[in-house]
Amino acid sequence: MGKITILDLQKMKDEGEKITMLTAYDYPTARILDACGVDILLVGDSVGNVILGHANTLPVSIGDMIHHTKAVARACKNALVVIDMPFMSYQTSIEDAKRNAGRMIKESGAEAVKLEGGVNMEGTIKAITDIDIPVMAHIGLTPQSVHKMGGYRVQGREDKQREKLLTDALAVERAGAFSVVLEAIPGKLAKEVTKKLKIPTIGIGAGVNCDGQVLVINDLLGLSGEFRPKFVKKYVNLEEVISKAVKEYISEVKSEAFPNDEHSFQ
Ligand code: KIV
């Protein structure tokens, strides 16, 4: 199997095959996810809160993104690698957005960028796709706008928000985005958007009727502590598995059960 391209993703939508996407931030995890056959690995700016311990995604720098994406890209034989454009790397001007998108693709090894926004980012998405860099859009709950939204809230429940969401979706498609993430919107609205758009929709907290789904890998693996939004399914509790292994190691070192002959040189 060769590398998944944006054309393959469009074909999957056209043929009704669901698209899988997960976040990844490091080489060993990306190697496992890629070998499992996930279609897209997103190096999300969620690296800020998930990996680097920040309160939100706002402090993440272009350097942080490139550093983590290089590791992920080295591990990926099949999945399309998408790099998130961090806060203030594309909002200041279209020139900045093009320059930063170009640098991020050039230095990181990713094949596409993702950025947040709808109508307000139409010109920016068009400018980046016009220099032949594929753009994944992200609408609905956009974490970089956390302060404007007044917290992480479901979007598109009221009529005005619903209309805005539909307008944003059409704008990013018109601008040339190859797909769009729909975050934290009612399933009914995500279904309507997915029907209206020709490009694939990737949902997170947007119900089953999107063309694909994305989750943050640490949430899926049970490595996010108490953090558990409604849309997250914890497929395994790795925190428990890791704690058990580490406690066993501590106890065996203390009791001199480790290392035994099997793990020592004669
Ligand atoms: O940064 C991220 O992890 C994301 C996904 C939640 C879509 O944008």
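Residues numbered from 1 in each chain as written. Predicted model: local features only at pLDDT ≥ 70, side-chain atom pairs only at ≥ 80, totals over all residues. Heavy atoms only, no water.

## Regarding the overall build of the protein
- Helix and strand content of the protein: 11 helices and 8 strands.
- Taking 18 Å as the expected radius of gyration for a compact globule of 266 residues, we find that the protein reaches 20 Å, a close match to that expectation.
- For the C-alpha atoms alone, the extent of the protein along its principal axes is close to 70 × 40 × 40 Å.
- When burial is assessed residue by residue, the protein has 47% of its 266 residues classed as buried.
- Nonlocal contacts in the protein, meaning residues at least 24 apart in sequence, comprise 58% of its contacts between residues at least 6 apart.
- Accessible area of the protein: about 13,900 Å², with a carbon and sulfur share of 55%.
- Computed over 33 positive and 35 negative side-chain charges, the separation of the two mean positions in the protein equals 5 Å. (Helix = DSSP H or I, 4+ residues; strand = E, 2+ residues; numbered from the N terminus. Rg over C-alpha atoms; globule rule 2.2 N^0.38 Å. Buried < 20%, exposed > 50% of the residue type's maximum accessible area, 1.4 Å probe, protein only. Contact = heavy atoms within 4.5 Å. Areas by Shrake-Rupley, 256 points an atom, 1.4 Å probe, with all protein chains shown as cover. Lys, Arg positive; Asp, Glu negative; His and termini not counted. Charge placed at Lys NZ, Arg CZ, Asp CG, Glu CD.)

## Quick word on the pattern of salt bridges
- This structure, assessed with the given rule, holds 12 salt bridges.
- One salt bridge connects Asp 130 with Lys 126, and the closest N-O pair in it is separated by 2.7 Å. Of this pair, Asp 130 and Lys 126 are both found in helix H6 (residues 122–130), 4 residues apart, which corresponds to roughly one turn of the helix.
- With a closest N to O distance of 3.1 Å, Arg 162 and Glu 192 form a salt bridge. One end of the pair, Arg 162, is in helix H8 (residues 159–175); the other, Glu 192, is in helix H9 (residues 187–196), with 30 residues separating them in the sequence.
- Note on Arg 162: relative accessible area 29%, which makes it partly exposed.
- Where salt bridges share partners, they join Arg 162, Glu 192 and Lys 196 into one cluster. (Salt bridge = Lys/Arg side-chain N within 4 Å of Asp/Glu carboxyl O.)

## A few points about the sheet that holds strand E4 (residues 112–116)
- In space, the 8 strands of this closed barrel follow the order E1-E2-E3-E4-E5-E6-E7-E8, with parallel pairing throughout. Neighbour to neighbour, the strand axes of the sheet diverge by 25° on average, direction disregarded.
- One ladder, built from 5 bridges, connects strand E5 (residues 135–140) with strand E6 (residues 179–183); its direction is parallel. Bridge assignment links Ile 139 to a residue of E6, and that residue is Leu 182. (Pairing = 2+ DSSP bridges. Axes fitted to C-alpha atoms, helices over the stretch in contact; angles between N-to-C directions.)

## Overview of the site of the ligand
- Taken together, Thr 23, Leu 42, Gly 44, Asp 45, Ser 46, Asp 84, Lys 114, His 138, Ile 204 and Val 216 form the complete shell of residues around the ligand.
- Between the ligand and Asp 84, the relevant distance is 3.1 Å, taken from an oxygen atom to a side-chain nitrogen or oxygen of the residue.
- Lys 114 is positioned with one of its side-chain polar atoms (N or O) 2.9 Å from an oxygen atom of the ligand.
- Contact with the protein chains hides 94% of the accessible area of the ligand, taken as 260 Å² for the molecule alone.
- Among the cavities detected, the one that contains the ligand is the largest pocket. (Near = heavy atom within 4 Å. Polar contact = N/O pair within 3.5 Å; in protein donor to acceptor, adjacent residues only side chain to side chain. 1 Å grid on protein atoms, 1.4 Å probe; cavity = no way out; pocket = protein on both sides within 12 Å on 5 of 7 lines; lining within 4 Å. Sits in = over half its atoms within 2 Å of the grid points.)

## Quick notes on helix H11 (residues 238–255)
- With 18 residues, H11 extends 26 Å between its outermost C-alpha atoms, agreeing within 8% with the 26 Å of an ideal straight helix rising 1.5 Å per residue.
- Phi turns positive one or two residues past the end of H11, at Glu 256, with a value near 65°. (Expected span 1.5 Å × (residues − 1).)

## Side note on the domain arrangement of the protein
- Under the domain assignment used here, the protein contains domain 1 (6–235) and domain 2 (237–266).
- Here the C-alpha centre of domain 2 lies 39 Å away from the C-alpha centre of domain 1.
- Taken together, the contacts link 6 residues of domain 1 with 4 residues of domain 2.
- Inspection of the region where domain 1 meets domain 2 yields 0 salt bridges. (Domains from an automatic or database assignment.)

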